Amino acid sequence: SEELRRIYGERSAVAKAELSVLLTYKNAVETDDVIGITFTSGTTKDPKPVMLSHYNVLNNARQFAARMHVGHEENDVLLAPLPLFHSSGMTGMLCFSLVAGIPTVILRRFTANDALRAIERYHVTVLMAVPSMLELMACSYNEEEFDISSLRIGQTSGAGISAGKLQRIIETLG
């Protein structure tokens with residue numbers, strides 16, 4: 001496609017050689033082809049495999065980017081604290097950042113202090129985390145120790161959270 005040529009056209013000879021391979025694979029993939037199988041406990045609490053199609057994953061990532069207005073700012077950076085084997089990690093963070101075209105800081109292992117340090121060090125603007133991670137970050141936050149003023153938007157899912165707890169997190173982390 002013209003977009004792939006535009007992206008890879010100015011790159012190294014290796015990238016140019018790989019362009020034809022990428023185009024071959026791109027043309028072989030249908031939107032309803034399975035991109036991955038993740039496990040979810042959903043409402044039953046028993047893990048079960050879920051097949052996600054290319055359309056599912058990319059459409060979900062596009063919707064996240066559009067609703068959060070991410071990728072429009074030159075300086076957007078995502079902090080990815082969730083495991084990438086999880087559906088939210090793969091779709092909600094990894095594919096989201098690729099679709100939005102923003103750099104991503106991936107934490108090898110989550111700790112609240114590591115997440116807060118990463119926000120400061122990499123000027124993270126976008127955060128996606130489960131409520132328990134956000135609560136730990138809010139409890140660990142000390143404005144004299146961490147500068148998280150770059151953070152402009154966050155999203156949480158994966159568990160319920162009371163309005164009161166969410167309000168305290170927003171007041172603490174911004």
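Right, let's walk through the structure included here. Everything numeric here is computed off the predicted structure, so don't read it as measured data. (Residues numbered from 1 in each chain as written. Predicted model: local features only at pLDDT ≥ 70, side-chain atom pairs only at ≥ 80, totals over all residues. Heavy atoms only, no water.)

Scanning the chain from terminus to terminus reveals seven helices and six strands. Reading the helices (α) and strands (β) of the chain from amino to carboxyl end gives α-α-β-β-α-β-α-β-α-β-α-β-α. A burial count over the chain gives 31% of its 174 residues as buried. Put simply, of all contacts in the chain between residues at least 6 apart along the chain, 65% involve residues at least 24 apart. Roughly 11,200 Å² of accessible area belongs to the chain as shown, and the carbon and sulfur atoms make up 53% of that amount. (Helix = DSSP H or I, 4+ residues; strand = E, 2+ residues; numbered from the N terminus. Buried < 20%, exposed > 50% of the residue type's maximum accessible area, 1.4 Å probe, protein only. Contact = heavy atoms within 4.5 Å. Areas by Shrake-Rupley, 256 points an atom, 1.4 Å probe, with all protein chains shown as cover.)

A few words now on the sheet that holds strand β6 (residues 153–156). Strands sit in the order β4-β3-β5-β6 across an open sheet of four strands; the sheet is parallel. Looking at which strands have only one partner, the edges of the open sheet turn out to be β4 (104–106) and β6. Across this sheet, the average inter-strand angle for adjacent strands is 20°, counted without regard to direction. Of the pairings in the sheet, the one linking strand β5 (residues 126–129) to β6 comprises four bridges and is parallel in character. If you follow leucine 127 over to β6, its bridge partner there is glycine 154. Packed onto the sheet, helix α3 (residues 54–68) meets β5 and β6 and runs at close to 135° relative to β6. Contacts from helix α6 (residues 131–140) reach β5 and β6 within the one sheet, and its direction differs from that of β5 by about 120°. (Pairing = 2+ DSSP bridges. Axes fitted to C-alpha atoms, helices over the stretch in contact; angles between N-to-C directions.)

Our next topic: the side chain of threonine 125. Inspection of the secondary structure puts threonine 125 in the loop between α5 (112–122) and β5. Apart from the residues within four sequence positions on either side, threonine 125 is in contact with Asn75, Asp76, Val77, Ser150, Leu151, Arg152 and Ile153.

Next up on the list: the environment of histidine 72. By the element assignment, histidine 72 lies in the loop between α3 and β3 (78–80). What makes histidine 72 exposed here is its relative accessible area of 61%. When the C-alpha atoms of histidine 72 and alanine 100 are compared, they prove to be 8.3 Å apart, with 28 residues separating the residues in sequence.

The phi torsion at histidine 69 lies on the positive side, around 55°, for a residue other than glycine. Position of histidine 69 among the secondary structure elements: in the loop between α3 and β3. With a phi angle near 55°, histidine 123 is a residue other than glycine that sits in the positive phi range. Secondary-structure assignment places histidine 123 in the loop between α5 and β5. What makes histidine 123 exposed here is its relative accessible area of 53%.

By size, the foremost hydrophobic cluster in this structure holds 39 residues, and its most contacted members are Leu79, Phe96, Met137 and Leu173. Elements that contribute at least two residues to this core include exactly α3, β3, α4 (87–100), α5, β5, α6 and α7 (163–173). Setting aside residues no more than four positions away along its own chain, phenylalanine 96 makes contact with Ala61, Phe64, Ala65, Met68, Val70, Leu78, Thr91, Ile102, Val126 and Met128. (Core = buried A, V, L, I, M, F, W, Y, C linked by side-chain atoms within 4.5 Å.)

So, about the packing of aromatic side chains. The final tally for this structure, using the stated rule, is one aromatic pair. Seen from their ring centres, phenylalanine 64 and phenylalanine 96 are 6.1 Å apart, and the 80° between their planes marks the pair as edge-to-face. On the criterion of sequence distance, the pair formed by phenylalanine 64 in helix α3 and phenylalanine 96 in helix α4 is long-range, its members being 32 residues apart. (Phe/Tyr/Trp six-rings, centres within 6.5 Å; stacked < 30°, edge-to-face > 60°.)

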